[in-house]
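# Fold and contact review
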Amino acid sequence: MKKLGVYAAGLAGAAVMLCTAPEADAAHYNDVSDDFWAKGSIEYLTEEGVISGYPDGSFQPNQPITRAQAAAMMVNALDLDTDNRPDAGYEDVSNNNDRKDIISTISEEGIMRGSGEQFRPGENITRAQMAAVIRRGFNLKKSDEEMFTDVGPNYWSFTDISTIAANGIASGYEDGTFRPGNQTTRGQFSVFLENAMNPEQKGESPAPKDDAKRGLEVEEDGWTYTIQDKELVRINENKEKEFVLTREDIGEDYTCDCGDNPANDGSALTEGTQLLLHDGWIYYTFSGYVDTHSGKDSFQLFRVRTDGSGKEKVINESVQAPYIHDNQLYYFTFGTTDRPEKAEWKRADLDGSNRESLQSMTLNSKNIFFDQERDQYYVLEYDDDTMYYSTDTAVYRSSIDGSDQQQLHGESANELYLTEGRLIIGTDEGLYSMNQKTGKKNKIRDGEFLDIKAFGNSLYILSEHSLYRWDLDAEEIETLEENMSLSVHDSYEWKAEINDGNGYIIGVDVEDKTYIYVIQDEKVAERDVKDNRYHGNAYTDGDIVFLQLESFRYHRDKAGNTVIYAMNTGDGTFESFEYEQVSSNEPSLVTHLAEKDQFLAAERRHTDEYHAIVGDSSGFQWEEWSLPFENEAEILGHEYINNVIYARARVDDDRGEPSYYLIRLNEEESQFEILYGTEDMFEFIERKQSGFYIFKDKNEMTVEIINENGETTNPEKGLGDFYSYGGFTLEQRGDTIYAYTHGVVIHGSYSIGALEERY
């Protein structure tokens, strides 16, 4: 069964299509995948000699089609003779134009018409113009049935649009519109043209959909795409993970030509930023540097195919809140770096070409309390072809191109949230719910509402004094905390985790307290309040949801605490435990969930000895083991290798000079033992034969090999210039060891085979 009008609406841009090249196989177009919605039509027209691709092997199906390209396709499809046609006399079609005969032919046949002495060959064709061209070219039986809500009998192309719809060549959108002014892409025109050429094969033409997906996670064909640990990954239903973009792939992008702005200090691929999935491409924002004026990450827009190929930069300027609609890319950029609220709303083709500024706005900036949506600085929400946003004076709704602006609320909003046909508006004066269709607005609560966070089936709403949970299914608003005395100048942190067992844990720190909620089946099962502010992480391991929090400490002589909460969503049990950290100027606790649920915590002091904590997170069993140091140590990280815990530690002497150690847990002796020590910061990688590679940054990278007892078996050798600007990390993939700075930039890659050959 051939594909019929399955398409998305077009975008605004121009491209040149080669329509007279020899026959090609659409399967060989490097940008038309097997599951591309228009592949069947592109193959058919290629086989019929109507179209061909570009010299680079692409077809560029999402690019808009121009009048000259459409003319060539129609001439080829109708097999019109272009010889000895009278000159149409268009001033913008010179004798040197290679499509002059085609344009003269299509004009004489009355299929396409110019405007006076202009043909406008490079202008893009709209859906209404496409309908007129196909109706005239194939001499279709006319229909005057009113079929679409936005195309009335007085519209200039009413008969053309009704005719192609009645003949099953093109259809409207699910909302009953045709959107005649939208651009037509090369892929769409291919589908329409095949439907017109093969009327006997047509079936019902399904309604087009805007198939761009947007979110922290996006799903397609059984894969979930997301950002983890500065890499773009995809995870299938069996929880198997594949890398789409690794640190090696993106390291080359971690720089900028940014004048007086320092490069290489951004956050790279960042968890908490939105992904866009459209036509086999993942669009993602990437921070290469922090703007020196605004102090904010400067995100640029890239895209890569879902299989990890074809990575390219799309927008080479600061991008906020990117969005795809009707095969066009929309985004905000800071109007001026010293006044980021002065925003520019822009539009471009999907490859970043043909950028244009739609309008300038003064937008309200988001409050960053519950979480950091780092690539969305402004208070705004998207919904299909509509944008909701707050300026510094009011809340508005407009078309996605910035037209048809309507004021919805007469004061600025701190937060907007769309859910189930409602727009939730949080302002300084109260919380409102507005019906998107009718515009009816209700005030839910009085107060200064600062932020909204969706989690599970509930909204968590932070006001000036209270924290609420709004169960959207039950329409109930539950007060979780009161008398919190918040202000927009305070900083907050939200950490939460949910798993498939419908259970989650939430931690919110506010001013001098931290509130913890354990939610099961949309009910608060457990609640805890900790004095002091805590920060930390939330994660899931099987049925168990963990929340690990560490307290902030402001004085060296005051020890902080760590508390771990866990809920087993399988049996509903909940446990927690707390232990005190050693006093330090900075929190020295390092707690990682590793293999077999092991975690290693930083030391704490017992009389004149220092101890580390090793435990089983899921069973909440933990023990203290002595550390072989007389001075306070800082655990820098650990590895779980062959059922043994290894860790790196830093110990400062009485003069404050640091030394670095590789230590190993000896369970028989109930203590950690020193394997290796040096005055240089180092990282280690397990060696397949036995022992470890020890890498050091000494303004050049060096490596030595030690055995399992920490004895040097192969002395230190230089590997070339290297400067890590304060630290590096190692990762082994296959037979190569990579050295990263900033967790992203590859400053060295070392073949294990080559390392062994040096010795």
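Conventions adopted
Residues numbered from 1 in each chain as written. Predicted model: local features only at pLDDT ≥ 70, side-chain atom pairs only at ≥ 80, totals over all residues. Heavy atoms only, no water. Helix = DSSP H or I, 4+ residues; strand = E, 2+ residues; numbered from the N terminus. Buried < 20%, exposed > 50% of the residue type's maximum accessible area, 1.4 Å probe, protein only. Contact = heavy atoms within 4.5 Å. Salt bridge = Lys/Arg side-chain N within 4 Å of Asp/Glu carboxyl O. Patch = residues over 30% accessible without salt bridge, like charges linked within 9 Å, V, L, I, M, F, W, Y side chains within 5 Å. Areas by Shrake-Rupley, 256 points an atom, 1.4 Å probe, with all protein chains shown as cover. Lys, Arg positive; Asp, Glu negative; His and termini not counted. Charge placed at Lys NZ, Arg CZ, Asp CG, Glu CD. Expected span 1.5 Å × (residues − 1). Phe/Tyr/Trp six-rings, centres within 6.5 Å; stacked < 30°, edge-to-face > 60°. Lys NZ or Arg CZ within 6 Å of the ring centre and 35° of its normal. Axes fitted to C-alpha atoms, helices over the stretch in contact; angles between N-to-C directions. Parallel < 35°, antiparallel > 145°, perpendicular 65-115°, else oblique. Nonpolar A, V, L, I, M, F, W, Y, C, P; charged D, E, K, R; others polar. Pairing = 2+ DSSP bridges. Left-handed = near helix turned anticlockwise from the far one by under 90°. Core = buried A, V, L, I, M, F, W, Y, C linked by side-chain atoms within 4.5 Å. Polar contact = N/O pair within 3.5 Å; in protein donor to acceptor, adjacent residues only side chain to side chain. pLDDT = per-residue confidence, 0-100.

## Concerning the overall build of the protein chain
In terms of regular secondary structure, the protein chain is built from eight helices and 47 strands. When the 759 residues of the protein chain are sorted by exposure, 54% land in the buried category. In the protein chain, once contacts between residues fewer than 6 apart in sequence are set aside, the share between residues at least 24 apart is 50%.

## Remarks on the pattern of salt bridges
Note that side chains of opposite charge can pair when their charged atoms are close. Counting across every chain of the model gives 24 salt bridges. When the shortest N-O distance is used, the salt bridge between aspartate 652 and arginine 650 registers 2.9 Å. A single salt-bridge network, built from bridges that share partners, covers Arg85, Glu108 and Glu109.

## Some thoughts on a negative patch on the surface
Together, Asp79, Asp81, Asp83 and Asp101 make up a negatively charged patch on the protein surface. Relative to the elements of secondary structure, aspartate 81 occurs in the loop between α2 (67-78) and α3 (100-108). Residue aspartate 81 is classed as partly exposed on the basis of its relative accessible area, which comes to 48%.

## Considering helix α6 (residues 186-197)
Compared with the 16 Å implied by 1.5 Å per residue over 12 residues, the 16 Å span of α6 between its first and last C-alpha is a close match. The buried fraction of α6 is high, at 12 of 12 residues. Restricting attention to buried positions, one finds in α6 the residues Arg186, Gly187, Gln188, Phe189, Ser190, Val191, Phe192, Leu193, Glu194, Asn195, Ala196 and Met197. Along its buried surface, α6 packs onto α1 (39-47), α2 and α4 (127-137).

## Some remarks on the packing of aromatic side chains
One pass over the structure, following the stated rule, counts 18 aromatic pairs. Aromatic pair phenylalanine 629 and tyrosine 661: ring centres 5.1 Å apart, planes at 45°, arrangement tilted. Here phenylalanine 629 is found in the loop between β36 (621-626) and β37 (633-641), whereas its partner tyrosine 661 is found in strand β39 (residues 658-666), with 32 residues between them in sequence. Taking the relative accessible area as the measure of exposure, phenylalanine 629 reaches 8% and is therefore buried. Measuring from centroid to centroid gives 5.7 Å for tyrosine 676 and phenylalanine 682, while their planes differ by 80°, and the two rings are edge-to-face. Assessed through its relative accessible area of 7%, tyrosine 676 is described here as buried. On the accessibility criterion, phenylalanine 682 (1% relative accessible area) is buried. Through successive ring pairs, a cluster of aromatic residues spans Tyr323, Tyr330, Phe332, Trp345, Tyr378 and Tyr382. Just above the ring of phenylalanine 119 sits the side chain of arginine 67; from NZ or CZ to the centre is 4.4 Å. In this arrangement the basic side chain of arginine 234 is found over the ring face of tryptophan 223, its NZ or CZ atom lying 4.2 Å from the centre.

## Regarding the packing of α4 against helix α5 (residues 158-166)
For the pair α4 and α5, the least separation of the axes is 8 Å and the interaxial angle reads 70°. Here α4 lies roughly perpendicular to α5, going by the angle between them. Contacts between α4 and α5 involve Ala128, Met130, Ala131, Ala132, Ile134 and Arg135 on the former and, on the latter, Asp160, Ile161, Thr163 and Ile164. When grouped by side-chain class, the residues that make up the contact of α4 with α5 number seven nonpolar, one polar and two charged.

## Re the sheet that holds strand β18 (residues 415-419)
Strand order across the open sheet formed by four strands is β18-β19-β20-β21, with antiparallel pairing between neighbours. Because the sheet does not close on itself, it has two edges, and the strands there are β18 and β21 (441-446). This sheet shows a mean twist of 20° between the axes of neighbouring strands, independent of strand direction. In terms of strand pairing, strand β20 (residues 430-435) meets β21 through five bridges, oriented antiparallel. Looking across to β21, one finds that tyrosine 432 is bridged to lysine 443.

## What about α2?
The terminal C-alpha atoms of α2 lie 16 Å apart, and with 12 residues this matches the ideal 16 Å at 1.5 Å per residue to within 8%. Burial of α2 is extensive: 10 of the 12 residues sit out of reach of the surface. Taken together, the buried positions of α2 are occupied by Arg67, Ala68, Gln69, Ala70, Ala71, Ala72, Met73, Met74, Val75 and Ala77. After α2 finishes, the residue aspartate 79 shows a positive phi value of roughly 55°.

## Digging into unusual backbone geometry
Non-glycine residue lysine 239 carries a positive phi angle of around 65°. One non-glycine residue, alanine 321, lies in positive phi territory at about 50°. Within the secondary structure layout, alanine 321 lies in strand β10 (residues 320-325). By relative accessible area, alanine 321 is classed as buried at 1%.

## Some details on the packing of α2 against α6
Packing of α2 against α6 leaves a shortest axis separation of 12 Å and a crossing angle of 25°. Accordingly, the angle class assigned to the pair α2 and α6 is roughly parallel. Between α2 and α6 the crossing geometry is right-handed. Residues Gln69, Ala70, Met73, Met74 and Ala77 of α2 touch α6, and the partners they reach there are Arg186, Phe189, Ser190, Leu193 and Met197. Split into classes, the residues belonging to the contact of α2 with α6 amount to seven nonpolar, two polar and one charged.

## Notes on the pairing of strand β14 (residues 380-383)
The side chains of a regular strand alternate, residue by residue, between the two faces of the sheet. Pairing of β14 with strand β15 (residues 386-390) involves four bridges; the strand directions are antiparallel. Across the sheet, residue tyrosine 382 finds its bridge partner in β15, namely methionine 387. The loop that links β14 with its antiparallel partner β15 comprises two residues; one of these, aspartate 384, has a positive phi angle of about 55°.

## Considerations on the nonpolar core
Judged by nonpolar contacts, the single largest core of 50 residues is most densely connected at Ile134, Ile164 and Leu193. For this core, the elements supplying multiple residues, two or more each, are α1, α2, α3, α4, α5 and α6. If you tally residues by element for this core, the top one is α2, at seven residues. Ignoring anything within four residues of it in the chain, the contact list for leucine 193 reads Leu45, Val50, Met73, Met74, Ala77, Ile134 and Phe138. By size, the runner-up hydrophobic cluster in this structure holds 18 residues, among which are Phe334, Tyr377, Tyr378 and Tyr396.

## Things to note about the side chain of serine 162
Tracing the backbone shows serine 162 in helix α5. Only 2.8 Å separates the side chain of serine 162 from the backbone oxygen of glutamate 145, close enough to count as a polar contact. Contacts of serine 162, omitting those with residues within four sequence positions, involve Ser143, Glu145 and Met147.

## Topic: the confidence of the model for the protein chain
Per-residue confidence for the protein chain averages 78 on the pLDDT scale, and 75% of its residues sit at or above 70. When mean pLDDT is taken per element in the protein chain, strand β17 (residues 406-409) scores highest with 94 and strand β34 (residues 598-606) scores lowest with 51. Every residue in residues 487-491 is under pLDDT 50, and counting partners more than four places away or in other chains gives 11 contacts. The low-confidence segment residues 553-559 (pLDDT under 50) makes 23 contacts with residues lying over four places distant or belonging to another chain.

## Quick notes on the environment of leucine 45
Turning to its location among the elements, leucine 45 is positioned in helix α1. Residue leucine 45 is classed as buried on the basis of its relative accessible area of 0%. Sequence-distant contacts of leucine 45, defined by excluding residues within four places in its chain, comprise Val50, Ile51, Met73, Ser190, Leu193, Glu194 and Met197.

## Quick notes on the sheet that holds strand β16 (residues 395-399)
Pairing is antiparallel in the open sheet, where four strands are placed in the order β14-β15-β16-β17. If you trace the sheet from one side to the other, it starts and ends with β14 and β17, each paired once. In this sheet, neighbouring strand axes are inclined to one another by 25° on average, regardless of whether the strands run parallel or antiparallel.

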